[in-house]
Amino acid sequence: MPQFTVTAASLAAIAMRPANALMRALVDPLNSYLYEAGILDDRLQLVHILAQGCHETDRFNTLVEYGGRSYFRRYDGRGDLGNVQPGDGYRYRGRGFLQTTGRANYKAAAKASSIDLVANPDLAAEPDTAVQIAVVYWVTRHVAAAAQRDDAEAVTRLINGGLNGLADRLAALARAKAAFPDPPDWADDPPIPARPRLPR
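Residues numbered from 1 in each chain as written. Predicted model: local features only at pLDDT ≥ 70, side-chain atom pairs only at ≥ 80, totals over all residues. Heavy atoms only, no water.

## Points about the pattern of salt bridges
For the coordinates displayed, the defined rule picks out 8 salt bridges. For Asp182, the salt bridge identified is with Arg43, shortest N-O distance 3.4 Å. Of this pair, Asp182 sits in the segment after α10 (166-179) while Arg43 sits in helix α3 (residues 43-56), and the two are 139 residues apart along the sequence. Two residues, Glu56 and Arg169, come together in a salt bridge whose shortest N-O distance is 2.9 Å. Separated by 113 residues along the polypeptide, Glu56 in helix α3 and Arg169 in helix α10 bring together distant segments of the chain. Each of the two residues, Glu56 as well as Arg169, counts as buried. The network of salt bridges with shared partners includes Asp88, Arg91 and Arg103. (Salt bridge = Lys/Arg side-chain N within 4 Å of Asp/Glu carboxyl O. Helix = DSSP H or I, 4+ residues; strand = E, 2+ residues; numbered from the N terminus. Buried < 20%, exposed > 50% of the residue type's maximum accessible area, 1.4 Å probe, protein only.)

## Observations concerning the side chain of Thr129
Locating Thr129 in the fold gives a position in helix α7 (residues 127-140). Among all residues touching Thr129, those that are not within four sequence positions of it are Ile115, Leu117, Leu123 and Ala124. (Contact = heavy atoms within 4.5 Å.)

## Here we look at the environment of Ile39
Within the element layout of this structure, Ile39 appears in the loop between α2 (21-36) and α3. Each C-alpha atom, one on Ile39 and one on Gln3, is 9.4 Å from the other, the two residues being 36 residues apart in sequence. Apart from residues lying up to four places away in sequence, Ile39 is in contact with Leu34, Gln45, Leu46, Ile49 and Trp138.

## Notes on the environment of Ala125
Of note, Ala125 is situated in the loop between α6 (103-113) and α7. Classification of Ala125 as partly exposed rests on a relative accessible area of 23%. Each C-alpha atom of the pair Ala125 and Gly77 lies 23 Å from the other, and the pair is 48 residues apart in sequence. Beyond its immediate stretch of four places on either side in the chain, Ala125 contacts Leu63, Val64 and Arg95.

As structure tokens, then:
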């Protein structure tokens, strides 16, 4: 059994909003993929990834970045994102739990997950895939070390590339820590053996 379990109620507490359909849809993928990556047994990794996800999804409200085609034209031709074709800015706009952005990141996520996100980028906005590729990104970009140092700025730089929305991410992190408090010291103690029953 993992040390922690994500619920719709815990996501709602982090987001400071009532549980919604997206939160409920994220619960099973989060528990599955975070468990596989060992994150459900590592409180600091757990609270950091949930806080980052809270910010990137507008408090668990969307898995697709807001904006129309004209807005995303600013990302066309961005070599750092691998956007080499006209329309790539919109085609590979932010999607998923950590808002995978740009053709290069979609290509990397596709390779790691065996899901053809380059040909089908909308798949990144499905809850299961959204969480899967977020965890793949977390692991392959070695975000764990920064999270385990409780270094929110370093985690944000690895997720965002800068410090956009840092204050909101820090607030979400504080709420995540409250939702997933440190287990008491005795939780690590070996179980007390059962006493033999005395004959009557």
